[in-house]
Amino acid sequence: MKPQAFHVTVFGMKIYNLDAEFEKYLKAWMSKHADAYGNNMDRLEEMVPDVYMEFLGMPLAILGGRSPDEFYGSIEDPAELIDMLKAHITGNVPVPDLLMERIVELGVETEPYLMQMIEDSSLNEESRMTAVSLMQEIGSNRPMMTYVNLIAPLEAPSDLADICAESLTSMGRDVVEPILERYPQAGKAAKNIFADILCNFDADDRIYAILEERFRTQTDMKALYASYLAKYGDVRALPVLIETSQDQGLGYLDFVEIANAIEALGGERPAEREYAGDPYYEALSHMTET
């Protein structure tokens, strides 16, 4: 197996593989402290977090004699931190937790650079998703409209859109109006993503209307929209849920999720039906038997 490089140069910037450095450090520690864990791998696993914290405070030759804590904690330039982040991802070198923690620590100073990453469609998806995650950790609402506009045209699911949706949900009710404004012209996948966000914010007739309409019309997504109606928590959904639960052509998974929604909204759970032959029912039955 080819040994891991402890540092590489990407975009003219030297970056460091702390995972590889820690692996080397841990092997030396294990050799020196074998009696501390007595070759008990479970005991060793419990000790690794403490060993890692010790490692972060140890001077390393590749860092010019500074510890990882000192090295990353001393970087004040947000542009340098973001360039380092992009270099790690592009160079396929694990991103150190300390680097990401430093970006979050500088907070508002790094926001413009993270925004550039999020909006740069030439970057790979991993880079943009990492920037979204960091913005969420910072607690910034700055990219709200960027996320809404990124999601709105989508006709197919996207991992980047999913993490943007998670971040939008965390921003609270401020996201409702921008989403409702874009919803009528949104793409097929975007409408599902927007509904997933909106169902977290109750007491808005416009949201309820969207969720009920989607439940009625998206015949291949009955289970999904039943779960959204349950989360939204409006008892007005009970009649349409109960009516749909009586459809003899309803698949097993759809029936179960609709029955769960009815129960969650205070209704009486529909009686179980025979679903022999339904592939999902049969698969679940076999799992239960084993």
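Details of the structure are given in the entry above.
Scoring rules and cut-offs
- Residues numbered from 1 in each chain as written.
- Predicted model: local features only at pLDDT ≥ 70, side-chain atom pairs only at ≥ 80, totals over all residues.
- Heavy atoms only, no water.
- Salt bridge = Lys/Arg side-chain N within 4 Å of Asp/Glu carboxyl O.
- Helix = DSSP H or I, 4+ residues; strand = E, 2+ residues; numbered from the N terminus.
- Buried < 20%, exposed > 50% of the residue type's maximum accessible area, 1.4 Å probe, protein only.
- Lys, Arg positive; Asp, Glu negative; His and termini not counted.
- Arc of directions from axis to C-beta.
- Patch = residues over 30% accessible without salt bridge, like charges linked within 9 Å, V, L, I, M, F, W, Y side chains within 5 Å.
- Areas by Shrake-Rupley, 256 points an atom, 1.4 Å probe, with all protein chains shown as cover.
- Charge placed at Lys NZ, Arg CZ, Asp CG, Glu CD.
- Core = buried A, V, L, I, M, F, W, Y, C linked by side-chain atoms within 4.5 Å.
- Contact = heavy atoms within 4.5 Å.

Evaluated as defined, the whole model comprises 14 salt bridges. Put simply, Glu177 and Arg206 hold a salt bridge, and the shortest N to O gap is 2.6 Å. Pair noted here: Glu177 is in helix 11 (residues 176-182) and Arg206 is in helix 13 (residues 205-217), with a separation of 29 residues, a long-range link. The class for Arg206 is partly exposed, based on a relative accessible area of 40%. The partner of Glu212 in a salt bridge is Arg216, and the shortest N-O contact between them spans 2.9 Å. With Glu212 and Arg216 both in helix 13 and four residues apart, the pair spans about one turn of that helix. For Glu212, a relative accessible area of 17% corresponds to the buried category. Through salt bridges with shared partners, a single ionic network connects Glu76, Arg102 and Glu105.

Turning to the side chain of Lys191, a few remarks are in order. Residue placement: Lys191 occurs in helix 12 (residues 188-198). Of the side chains bearing the opposite charge, Glu213 lies closest to the buried Lys191, which forms no salt bridge; the N-O distance is 6.6 Å.

Once that is clear, we can look at helix 7 (residues 111-119). Those residues of helix 7 lying buried are Glu111, Leu114, Met115, Met117 and Ile118. What you see down the axis of helix 7 is that its buried residues fit within an arc of 160 degrees, all on one side.

Among the surface-exposed residues, Asp19, Asp69, Glu70, Asp97, Glu101 and Glu137 lie close enough to one another that they form a single negatively charged patch. Elements with a contribution of two residues or more to the negative patch: helix 4 (68-73) and helix 6 (97-106). If you trace the backbone, Glu70 turns up in helix 4.

Another aspect to go through is the nonpolar core. Grouped together as the largest cluster of nonpolar side chains are 92 residues, with contacts concentrated most on Tyr72, Ile151, Leu168, Phe194, Ile197 and Leu241. Counting residues per element, this core draws most heavily on helix 12, which supplies seven residues. If sequence neighbours within four positions are ignored, Ile197 has contacts with Ala165, Leu168, Thr169, Val175 and Ile179.

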